[in-house]
Amino acid sequence: MVPAALSSCRTTTVSTPHEGEAQWWHTAVIYQVYPRSFADSDGDGYGDLPGITSRLGHLARLGVDALWLSPFYSSPQADAGYDVADYRKVDDLFGTLADADAMIKRAHQLGLRVVIDLVPNHTSDEHAWFAAALAAGPGSPERARYHFCDGRGADGAEPPNNWDSVFGGPAWTRTTNPDGTPGQWYLHLFDSKQPDLNWANEEVREEFRSVLRFWLDRGVDGFRVDVAHGMVKKEGLPDWAGHSSMISEHEQAGTATRGQDASEQTHDPDAPVEHEVDLGNHGPMWNQPGVHDIYRDWHAVLAEYGADRMLVAEAWVSPLSDLAKYVREDEMQQAFNFAFLASHWHAEELREVIEDSIRANDEVGAPTTWVLSNHDVVRHASRFGMSTAGGNVSPPGPDDPQPDTALGLRRARAASLLMLGLPGSAYLYQGEELGLPEATMIPIELRQDPAIARGGEPVGRDGCRVPIPWEAEAPAFGYSPTGASWLPQPADWGRYALDTQKHDPDSTYRLYSRALRLRREYALGRGGLAWLDLDADPQVLALVNGAVTVIANTGSEATRVPATLDVLVSSAPLEQYDDATWLPGDTTIWAVRRADARTEPFGPD
Ligand code: NOJ
């Protein structure tokens, strides 16, 4: 087959550059720090706040605008800190409140904004409120802060409804009365150690206004809102036969099912693209209209501190028009774009999700966000090396078919360069700037994701949470001075260490830092987007954002780079032959028009 050339000059405008004053979060690149796995200062094998503070220079040098930290609050760590026992305290594992203050101060000195995690859907069962609820008994105001209900059937022995927990098993646990008899049930959409709060209760609402102010007073710039689509449940808690999941179930409607092996989920590049990724979660516990009242309320709390504080929703909802409701003018500022994260490495599908995302947010006047990895999903350097070539897949474990590491990394670099070339704000997950793959070989008995014990996930999410490598020759690759690490690091991770990559011009770290510098220089975050409608290869995605042309080749055939373009950055080496420059498969470039080029970006060369 003769490789096709890019020869069209037709463009389709999707969005225009942002005019006027833009808040920082409109365009920010926000780096997710997973505190237990970033940097361990005291050698106990768990990362901590002083460790983060000591490594903030890395983020400033990389060129991001902000960091978001997963929870570091006081917690029994039943779900890695997403089970909060005290929202105003730092867990001993991570340090002290003074360490949090020092971290925020240092970040601000370096010009980095700080976003922290807020977990309002549930507390820990070790929160003082839950202990009080158990002690106070049925019908008490203490129990009214949660969802306590009598069971169904004889002696109330059946759960109040048929809901499943996201982590597997029933979403209800029965309590035991002080006299040892079986008592009421309480609702937990996640682990039994994460009882759901009742957001119909004004006391709950007031408490969280106060928690927001507590951290705003300490100088944080924003909050990532955990389970933002789950806080309000449908009146009467009606039965629902479906099952909710964050990962693995909703590959794409009709193409993958729960429990299907990765090797069975095959990626067919010629298959028709589904109109929109369905993230599922359509049950009576998700995306209820009442959640929006909470965010309008919080918007007003943040506004007390000026216009530059922000909220970002973790809301696994679809369609994108429903997600856009979370970022209406008087609600949150951002919502994670999981439809983009769940896409395959497929030009047509990417084009569709990018365009739909921008259009849905334009309807409500909000900028778009982009994300490829986080602490809940398979790292994209592995996801794109699986037979599915992306998608919202089950994490592979030691007994599963293994991702193709080289192919995955090649595509991940190309996907990241595409993402960073889009207008709006982008989220990075710690270690992706090093090209880290998923750690697939961690023995199941060392894994800590509570979803494994509850039967919801056979392998769980630990593979993307392994402590990251800083120095190839240091204990625990520089993560911990003693070499301790709460999850084992793969023995060959020295090759991904920051110090190995810093001086290698072709490294993933250097690619990210170059892209971030250029993104800033060309103001890509506040740019617009016009597709270049190619009459050539359907595997090639080309767009113009301001002065920069972004071309991603998701196929395997090389395509010619027009002679009118000068390449600024490329995710893999380009090829030169036939008096032309060629963009190989699984590669993205950013380019600008040559000074002497014709006005049409893709006129015949
Ligand atoms: C979403 C968080 O990202 C995830 O890690 C956590 O397990 C659930 N919410 C429950 O809080």
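About the cut-offs
- Residues numbered from 1 in each chain as written.
- Predicted model: local features only at pLDDT ≥ 70, side-chain atom pairs only at ≥ 80, totals over all residues.
- Heavy atoms only, no water.
- Helix = DSSP H or I, 4+ residues; strand = E, 2+ residues; numbered from the N terminus.
- Rg over C-alpha atoms; globule rule 2.2 N^0.38 Å.
- Buried < 20%, exposed > 50% of the residue type's maximum accessible area, 1.4 Å probe, protein only.
- Contact = heavy atoms within 4.5 Å.
- Salt bridge = Lys/Arg side-chain N within 4 Å of Asp/Glu carboxyl O.
- Expected span 1.5 Å × (residues − 1).

Draft legend 1. Examining the overall build of the chain more closely. Secondary structure summary: the chain contains 15 helices and 22 strands in total. The C-alpha atoms of the chain give 24 Å as radius of gyration, which agrees with the globular expectation for 605 residues (25 Å, within 12%). Principal-axis analysis of the C-alpha atoms gives the chain an extent of 85 × 50 × 50 Å. In the chain, buried positions account for 61% of the 605 residues. Look at the contacts in the chain between residues 6 or more apart in sequence, and 72% of them connect residues 24 or more apart.

Draft legend 2. Looking closely at unusual backbone geometry. Geometrically, the link from S318 to P319 is a cis peptide bond, its omega value of 5° lying close to zero. Phi is positive for D155, which is not a glycine, with a value near 60°. Looking at the element boundaries, D155 is found in the loop between β7 (148-149) and β8 (172-176). We note that D586 has phi near 55°; this positive angle belongs to a residue other than glycine. In this structure, D586 sits in the loop between β21 (580-583) and β22 (587-593).

Draft legend 3. Focus on the pattern of salt bridges. The tally for this structure, following the rule as stated, stands at 32 salt bridges. Taking the shortest distance from any N to any O, the salt bridge between R224 and E314 comes out at 3.6 Å. Of this pair, R224 sits in strand β10 (residues 222-225) while E314 sits in the loop between β11 (310-313) and α8 (320-324), and the two are 90 residues apart along the sequence. Residues K325 and D322 are paired through a salt bridge, measuring 3.3 Å at the closest nitrogen-oxygen approach. Note on K325: relative accessible area 35%, which makes it partly exposed. Residues joined in a network through salt bridges with shared partners are D79, D376, D449, R461 and R465.

Draft legend 4. Representation of helix α4 (residues 97-109) in the model. For α4, which comprises 13 residues, the first-to-last C-alpha distance of 18 Å matches the rise-based estimate of 18 Å (1.5 Å per residue) to within 8%. Check the buried side of α4 and you find it contacts α2 (49-54), α3 (56-62), β3 (66-69), β5 (86-90), β6 (113-118) and α6 (202-217). Among the residues trailing α4, G111 stands out with phi positive, at a value near 80°.

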